[in-house]
Amino acid sequence: MVKLFLNQIVMSVFGIMLWMAVLANKPVLLAASIFSVLFYLFINYSALWELGAKDKIRVDAGRLAAMPQKGIYIALGAAVPNVILTLLIGIGVVIDTAASQSVGTICNVIVRLINGMYLGIIDCTKAAVFEGTPLLSDIWWWYFIINIPALFVGWLAYFLGSKNIRIGAFFGIKQKANTGTKKH
């Protein structure tokens, strides 16, 4: 969970840098944001696939019970800060007091900092779809939605890793055979 959250922070910095670089050009902003989100999901996929493959060895040896849903639990654990911050933002929007709005605003800044890879998508979606609608223009609930792909990828990656199934095989990419000899 910690590794996934640290991956999120690193990819957030990457996403914020891309967002700042192409902010003036909306189509490029959207493309850059989609790229950073896909790159973030790929990094999570790789980490959880590897964990699933390691656990497969333990399961095959009888040292660990099979848990095909472990990936989604790990991804949920990594998403806890996002969910808590999103709930606090929602409270700030729904409850119309100065204190709750201040907490919501601070949490909004924090959640944007730790989810920087989604900023371009959020900006483009907000401008295109929700402009002019008071509650929807804040789209605080968007931060719940952006966790869904990471949860799905977490489940899928761990499951495929625990079965030793490489996703490249679905696209016709063959893995190099390990010959077992090293050249020095």
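A quick note: this is a predicted structure, and the numbers were derived from the prediction, not measured. Each residue is numbered by its place in its chain's sequence as written, counting from 1. Residues qualify for local features only when their pLDDT is at least 70, as the model is predicted, and side-chain atom pairs are given and counted only at 80 or more; totals for whole chains, interfaces and linings, by contrast, use all residues. Side-chain descriptors were evaluated using all non-hydrogen atoms of the structure, hydrogens and water having been removed beforehand.

## Quick notes on the confidence of the model for the protein chain
(1) Moving on: Each residue carries a pLDDT score, the predictor's own confidence in it, on a scale running from 0 to 100. Looking at the protein chain, pLDDT values average 85 and 85% of them are 70 or higher.
(2) Moving on: Runs of H or I in DSSP of at least four residues are treated as helices and runs of E of at least two as strands, each being numbered from the N terminus. The spread of mean pLDDT over the elements of the protein chain runs between helix α6 (residues 134-138), the lowest at 48, and helix α8 (residues 147-162), the highest at 94.

## Some remarks on the packing of aromatic side chains
(1) Moving on: Note on aromatic contacts: the rings of Phe and Tyr and the six-membered ring of Trp form a pair at centre separations within 6.5 Å, being stacked when their planes are under 30 degrees apart, edge-to-face when over 60 apart, and tilted otherwise. Counted according to the given criterion, the structure contains five aromatic pairs.
(2) Moving on: Taken together, the ring pairs in this structure connect Phe14, Phe35 and Phe39 into an aromatic cluster.

## Considerations on the environment of Asn108
(1) Moving on: Within the secondary structure layout, Asn108 lies in helix α4 (residues 98-114).
(2) Moving on: The spacing of Asn108 and Ile89 is 19 residues in sequence and 6.1 Å in space, taken between C-alpha atoms.
(3) Moving on: When residues no more than four places from it in sequence are discounted, the contact partners of Asn108 are Ile89 and Tyr143. Whether two residues are in contact is decided by their heavy atoms: any pair within 4.5 Å suffices.

## Considerations on the environment of Ser12
(1) Moving on: Positionally, Ser12 belongs in helix α1 (residues 2-21).
(2) Moving on: Ser12 has contacts with Arg112, Leu113, Ile114, Asn115, Gly116 and Met117, leaving out every residue within four places of it along the chain.

## What to know about the side chain of Asn44
(1) Moving on: Examined against the element boundaries, Asn44 turns out to sit in helix α2 (residues 26-61).
(2) Moving on: If near-sequence neighbours (up to four positions away) are discounted, Asn44 is found in contact with Leu4, Asn7 and Ala150.

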